[in-house]
Amino acid sequence: MGPRMNQLTARLLTPCLLASLSVVTAGCGGSGGEDVGSSESAVTSANNKTAFDFFVSKGLSSVQAAGVVGNLDQESSMNPSISQYGGGPGRGIAQWSAGGRWDTDSHDNVVWYAHTKGDSAYSLALQLDFVWYELETFGGYGLSELRKATTVTEATVAFQDDFEGCGQCDQSQRVAYAEAAMSAYGHGG
């Protein structure tokens, strides 16, 4: 292949590489949560619909499910195989920490849970199940507060504060993602 082919290959690959980089930069990544795109585009993925429907099927209201989805969008763009930008410890849709809730906390880590289920730690379904397992099993993750929420903002903040414990959160972006999820999937309820 000559120089012309290398230039053509570079031009074709550049948009793909840029798209890949934008996915990798999602999450809380040490700066309070990167903007992973517009709230409109964040909730149009099949993963977001799957997550919203999953949480509603577990008994959460549409408002509460939207609050969870808004947080997970901010954390990872609902990408179960994402790692925190810059090499940080965050992994998966909730950016669980490697060396903690991702792989080492006793009976509270994604890798252990995946092993007990015979599934991949990088499976969206497994990670959604694990979020629910943590919410139901450990009182400190805020299921009772989440269930009390009657607005999208209340649900978003409850999940952000109790489940994510994200320190410097971009709360307004989380709420925007949650409201977009509510608009897309909540059918007004």
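Not measured: the values here are computed from a predicted model.

Notes on the overall build of the protein
- What the protein contains, in helices and strands, is nine helices and two strands.
- Seen in sequence order, the protein has helices and strands lined up from the N terminus as α-α-α-α-β-β-α-α-α-α-α.
- Out of the 189 residues belonging to the protein, those deemed buried represent 47%.
- As displayed, the protein offers around 8900 Å² of accessible surface, 55% of which is attributable to carbon and sulfur atoms.

Things to note about the nonpolar core
- By size, the foremost hydrophobic cluster in this structure holds 40 residues, and its most contacted members are Phe-55 and Trp-96.
- Taken together, the elements giving at least two residues each to this core come down to α3 (46-57), α4 (62-76), α5 (110-117), α6 (124-137), α7 (143-148), α8 (152-164) and α9 (171-185).
- Those residues in contact with Trp-96, other than ones at most four positions away along the chain, are Pro-89, Gly-90, Arg-91, Arg-101, Trp-102, Val-110, Gln-127, Phe-130, Val-131, Glu-134 and Phe-163.

Brief notes about the environment of Glu-179
- Structurally, the position occupied by Glu-179 is in helix α9.
- Under the relative-accessibility criterion, Glu-179 is labelled partly exposed at 43%.
- In sequence terms Glu-179 and Thr-156 are 23 residues apart; their C-alpha atoms lie 9.4 Å from each other.
- Setting aside chain neighbours within four positions, we find Glu-179 in contact with Val-152 and Thr-153.

Details of the environment of Val-110
- By the element assignment, Val-110 lies in helix α5.
- A residue is classified by how much of its surface remains accessible, and Val-110, at 0% relative accessible area, is buried.
- With 21 residues separating them in the primary sequence, Val-110 and Val-131 have C-alpha atoms 9.1 Å apart.
- Residues in contact with Val-110, not counting those within four places in the same chain, are Trp-96, Arg-101, Trp-102, Ala-121, Leu-126, Gln-127 and Phe-130.

Some points on the pattern of salt bridges
- Under the counting rule described, the total for this entry stands at four salt bridges.
- Its salt-bridge partner being Arg-174, residue Glu-75 comes within 2.6 Å of it at the nearest N-O pair. A residue pair is termed long-range when its members are at least 10 positions apart, and Glu-75 in helix α4 and Arg-174 in helix α9 qualify at 99 residues.
- For Glu-75, a relative accessible area of 2% corresponds to the buried category.
- Between Lys-148 and Glu-145 there is a salt bridge, with the nearest N and O atoms lying 3.1 Å from each other.

Overview of the confidence of the model for the protein
- On average, the protein scores 82 in pLDDT, and the residues at 70 or more come to 75%.
- Contacts of residues 1-41 to residues separated by more than four positions or lying in other chains number 58 contacts, the stretch itself having pLDDT below 50.

Thresholds, definitions, all that
Residues numbered from 1 in each chain as written. Predicted model: local features only at pLDDT ≥ 70, side-chain atom pairs only at ≥ 80, totals over all residues. Heavy atoms only, no water. Helix = DSSP H or I, 4+ residues; strand = E, 2+ residues; numbered from the N terminus. Buried < 20%, exposed > 50% of the residue type's maximum accessible area, 1.4 Å probe, protein only. Areas by Shrake-Rupley, 256 points an atom, 1.4 Å probe, with all protein chains shown as cover. Core = buried A, V, L, I, M, F, W, Y, C linked by side-chain atoms within 4.5 Å. Contact = heavy atoms within 4.5 Å. Salt bridge = Lys/Arg side-chain N within 4 Å of Asp/Glu carboxyl O. pLDDT = per-residue confidence, 0-100.

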